[in-house]
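Residue-level structural notes
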Amino acid sequence: ELGDYPVIRKQVDQLAVVPYLVDYERETSSFTLDEARSWLDGLPGKRGLNIAYEAVDRHLAHGRGDHVAIRFVRLSGEVEEVSYAALRTRTSQFAHVLRDLGVQPGERVFSLCGRVPDLYTALLGTVRARSTFAPLFSAFGPEPVRQRIVRGDGVALVTTPALYQRKVAPVRDQMPGLRHVLLVDTTAAEAAESGIPGAVSLSEAMHAASDVFDIEPTDPEEMALLHFTSGTTGTPKGAVHVHDAVVWHHASARYALDLHPEDVYWCTADPGWVTGTSYGVVAPLTHGVTMVVDEGEFHSRRWYATLAEQGVTVWYTAPTAIRMLMKAGTELPASYDLSALRFVGSVGEPLNPEAVVWGAEALGLPIHDNWWQTETGGIMIANYLSADVRPGSMGRPLPGVHAVVLRRGEDGRAEVAEDGSVVPAEDDQVGELALRPGWPSMFRGYLHDDDRYAACFAGGYYLTGDLARRDRDGYFWFVGRADDVIKSAGHLVGPFEVESALMAHPAVAEAGVIGVPDPIMGQRILAFVALKPGFEASDATRRELLGHARRRLGPAVAPREIRISESLPKTRSGKIMRRLLRARELGLPEGDLSTLERAEEEGRHER
Ligand code: AMP
């Protein structure tokens, strides 16, 4: 019943640090949001709540300005430290730069860059100025970038000249609202000569700006962050998050990551995705930790060296990375001193039980899976440092979170009665995971998309789109998605976005995109296309289409594989039946949804 792996027992009295959450039941019954608010300061003089104040300024008010806030491990391996005091200076300058350019509170500032120091300054400087920050992933191609900046009404973009030329220049004429391009690592002379409309040298503009920017009164409900996410159909959705979210960022990091001010913390997620913002910038800084940011990409030796050399104590990473480390073997970690490490968490995709157990062997610590999504803004369900771990389970809801599994209807989503009510599923029954709204980091809407927002709610619950089951002890187990979105290497990809890019090629008549199981990436993006008459179903055409998709979408979103078919299965109304494509690809019965999901689960265990 608990899966094939024995429960990993915890002995709280043997932990290196006394955890914040010692007794799950007690904490769950006594938790109040008022108490969580009291863990933060609020703007002095009761002038509201601002993320930048909680993440940066308040540590100066508490005499910790000299503490190292961020340790940047640059590509070269060189380490650059920034204190909380320096972070206040930099983010103040950045806020002035925005104001001097005429960027207003509420207007959207986008970023498209790697994990460089200016990205962190820009994020916190933007919310300091009460504008809204919308980070993009640097591995996006021009099409995802265009869609998001246009939909989010971006007025300013922080990027590098190289990324601009590759990903923004080809679509710039389609973004008339983008007024300013703040160029990282660029002199004023280079910015002027770049020919980029609205180009500004970020470093020189900051140098010229005042380093004092007192945070103005901020309504906790003002939009602070905009994170794009994908659905089954339509364009990407911009999930709106407000300053009040910081209350949950802080509280959830306390419970699920056990962050203490003395910790050296490393979140491997890129701020282009929600984890890299909520837990790669905001939450750790509100706890006053020293956080490590590695500019480099995954490499097993580089990662173990970072853990060891930086003395990381709390590490938050993802299943794809863990599977890659597993592939590199157990001998490798044994050659590094990982003795500082006291907690490892994972998020973003199903964490196979083997990986949890591997952690215990190779790192000396089990890996703690937790669950949340862009819309929830913060962790909702987790395995805790002090609690027993059931390998393969996502754990139990955080104190203050009310999660249920709802009985599902024929379409696989929660069954909603005519009167709008929903029915909880029995223990151990698969249904749609749903949450009772009310926590502070809950999204406040999809920008310009009220209908899609409204469709997320039924019977007083927010419907997550995930299928799960709850065992009788209250542990939640992930089963699969209730819709067609794909999680590949931890990145959520909307099939429609990929299909649209393929359809833009003159050879393509129809396209259907699905995710298929992959031993490392969780899911791999696979596209089926039917060609227009006159185009040959050859290897050359396939390669041409792969290249076309990669140029338009970028490596994070492009399909890894393309199959050319005579025609694709469609409904009577002409909609491509992705589920059927998937069933055929995986050799499953074509009509039976429940079998399909079960097979997916088995596929996961095999990995
Ligand atoms: P995103 O909005 O990009 O963070 O993706 C959220 C989705 O990732 C969730 O709805 C799940 O489908 C998946 N996900 C996140 N965490 C987990 C987890 N611990 N186990 C399984 N799936 C997860």
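Attention in this report is confined to the structure presented alongside it. (Residues numbered from 1 in each chain as written. Predicted model: local features only at pLDDT ≥ 70, side-chain atom pairs only at ≥ 80, totals over all residues. Heavy atoms only, no water.)

**A word on helix 13 (residues 319-327)**
Those residues of helix 13 not exposed but buried are Pro319, Thr320, Ala321, Ile322, Arg323 and Leu325. Where helix 13 is buried, its residues touch helix 12 (300-309), strand 12 (314-317), strand 13 (343-346), helix 15 (353-362) and strand 25 (522-531). Residue Gly329 follows helix 13 closely and has a positive phi angle near 100 degrees. (Buried < 20%, exposed > 50% of the residue type's maximum accessible area, 1.4 Å probe, protein only. Helix = DSSP H or I, 4+ residues; strand = E, 2+ residues; numbered from the N terminus. Contact = heavy atoms within 4.5 Å.)

**Some remarks on the nonpolar core**
Core analysis: the biggest nonpolar cluster contains 145 residues, and Leu257, Tyr265 and Leu285 have the highest contact counts within it. Leave out the neighbours within four places in its chain, and Leu285 touches Glu54, Ala55, His59, Ala69, Ile70, Tyr84, Leu87, Leu124 and Met291. Counting 26 residues, the second-largest nonpolar core is a separate cluster that includes Val73, Trp315, Leu351 and Val389. (Core = buried A, V, L, I, M, F, W, Y, C linked by side-chain atoms within 4.5 Å.)

**Some points on the environment of Thr235**
Mapped onto the secondary structure, Thr235 falls in the loop between strand 8 (223-229) and strand 9 (237-242). As for Thr235 and Pro161, which are separated by 74 residues in sequence, their C-alpha atoms are 27 Å apart.

**Thoughts on the sheet that holds strand 10 (residues 264-267)**
Strand order in the open sheet formed by 9 strands is 2-1-11-10-12-13-14-15-16, and the pairing between neighbours is mixed. Each edge of the open sheet carries a strand with a single partner, namely strand 2 (79-83) and strand 16 (396-397). As defined by bridge partners, strand 1 (residues 68-73) adjoins strand 2 across 5 bridges and the pair is classed as antiparallel. Within the sheet, the bridge partner assigned to Arg71 lies in strand 2 and is Glu81. The strands touched by helix 12 within the sheet are strand 1, strand 10, strand 11 (290-294) and strand 12, with strand 11 carrying the most contacts at an inclination of about 160 degrees. (Pairing = 2+ DSSP bridges. Axes fitted to C-alpha atoms, helices over the stretch in contact; angles between N-to-C directions.)

**Describing the site of the ligand**
Taken together, 17 residues lie near the ligand, and Asp369, Asn370, Gln373, Thr374 and Arg481 sit nearest. Between Glu349 and the ligand, the recorded distance is 3.4 Å, taken from a backbone N or O atom to a nitrogen atom. Backbone polar atom of Asn370 to a nitrogen atom of the ligand: 2.7 Å apart, as the coordinates give it. Considering the ligand on its own, with 490 Å² of exposed area, one finds that the protein chains cover 96% of that surface. If you list the elements that add at least two residues to the shell around the ligand, you get strand 14 (368-371) and strand 21 (476-481). Of the residues forming the shell around the ligand, the biggest block, 3 residues, is contributed by strand 14. Taken together, the residues of the shell around the ligand sort by class into 8 nonpolar, 4 polar and 5 charged. (Near = heavy atom within 4 Å. Polar contact = N/O pair within 3.5 Å; in protein donor to acceptor, adjacent residues only side chain to side chain. Areas by Shrake-Rupley, 256 points an atom, 1.4 Å probe, with all protein chains shown as cover. Nonpolar A, V, L, I, M, F, W, Y, C, P; charged D, E, K, R; others polar.)

Purely spatial values, then, with no claim about function.
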